[in-house]
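Notes for the structure review
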Amino acid sequence: MPGTWNRIEVSGGQRCRQLVFAPPVGARSWNVHLREGAGANARFALLFRDFLRADEGARRAWGAFKQRLALSVPDLADYGQIKAPATEVLMAAAERWAAATGRRGPAAA
């Protein structure tokens, strides 16, 4: 699906390049995000992942939210617009977690 959403994302107030590959409408649901390793959005993605791995409550709540959203909002662009503010809330919690645990930078996969 072409559009700015799959080429640029804002992370920590910085515009970062990314590529998102999504399946054709009606195909199996998946998408792949590619980011530059040194970009703020790479740190964002890894912190997001690490926080959800570390916090079971946040992981369950995020999963439940995304499942409800996917069921009620089939349009990918609308889904992304609705999910964005929730992602900011989750990332604020992830930043607090990183500060409290001394997490300094992205962990390897």
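Preceding this section is the structure that the text describes.
What you see is a predicted model; the values in this text were computed from it and never measured. (Residues numbered from 1 in each chain as written. Predicted model: local features only at pLDDT ≥ 70, side-chain atom pairs only at ≥ 80, totals over all residues. Heavy atoms only, no water.)

Residue position: arginine 17 is located in strand S2 (residues 14–21). The sequence separation of arginine 17 and glycine 39 amounts to 22 residues, and the corresponding C-alpha distance is 8.0 Å. (Helix = DSSP H or I, 4+ residues; strand = E, 2+ residues; numbered from the N terminus.)

On to helix H2 (residues 56–72). The α-helix advances 3.6 residues per turn, and as a result positions three or four apart in sequence lie on the same side. The first and last C-alpha atoms of H2 sit 24 Å apart over 17 residues, in line with the 24 Å expected at 1.5 Å per residue. Here H2 has its buried residues at Ala58, Trp62, Phe65 and Leu69. All buried residues of H2 fall inside an arc of 65° around its axis, so they share one side. Within H2, the exposed residues directed more than 90 degrees away from the buried face are Arg60, Gln67, Arg68 and Leu71. Considering only its buried residues, H2 is in contact with helix H1 (40–54) and helix H3 (76–101). Capping the start of H2, aspartate 55 holds a side-chain oxygen 3.1 Å from the backbone nitrogen of glycine 57, two or three residues further along. (Expected span 1.5 Å × (residues − 1). Buried < 20%, exposed > 50% of the residue type's maximum accessible area, 1.4 Å probe, protein only. Arc of directions from axis to C-beta. Contact = heavy atoms within 4.5 Å. Polar contact = N/O pair within 3.5 Å; in protein donor to acceptor, adjacent residues only side chain to side chain.)

All right, on to the packing of H2 against H3 then. Packing of H2 against H3 brings their axes to within 11 Å, and their N-to-C directions diverge by 165°. By the angle between their directions, the pair H2 and H3 is classed as roughly antiparallel. As for the relative orientation of H2 and H3, their crossing is right-handed in sense. Between H2 and H3, the residues in contact are Trp62, Phe65, Lys66, Leu69 and Ala70 and Tyr79, Ile82, Lys83, Ala86, Thr87 and Leu90, respectively. Grouping the amino acids of the contact of H2 with H3 by side-chain chemistry returns eight nonpolar, one polar and two charged. (Axes fitted to C-alpha atoms, helices over the stretch in contact; angles between N-to-C directions. Parallel < 35°, antiparallel > 145°, perpendicular 65-115°, else oblique. Left-handed = near helix turned anticlockwise from the far one by under 90°. Nonpolar A, V, L, I, M, F, W, Y, C, P; charged D, E, K, R; others polar.)

Counted by the stated rule, this structure contains four aromatic pairs. Grouped by ring-pair contacts, the aromatic residues Phe44, Phe48, Trp62 and Phe65 constitute a single cluster. (Phe/Tyr/Trp six-rings, centres within 6.5 Å; stacked < 30°, edge-to-face > 60°.)

Attention now moves to the environment of glycine 39. Note that glycine 39 resides in the loop between strand S3 (32–35) and H1. Glycine 39 sits 25 residues away from glutamine 14 along the chain, and the two C-alpha atoms are 8.8 Å apart.

This is a description of form; function is not addressed.
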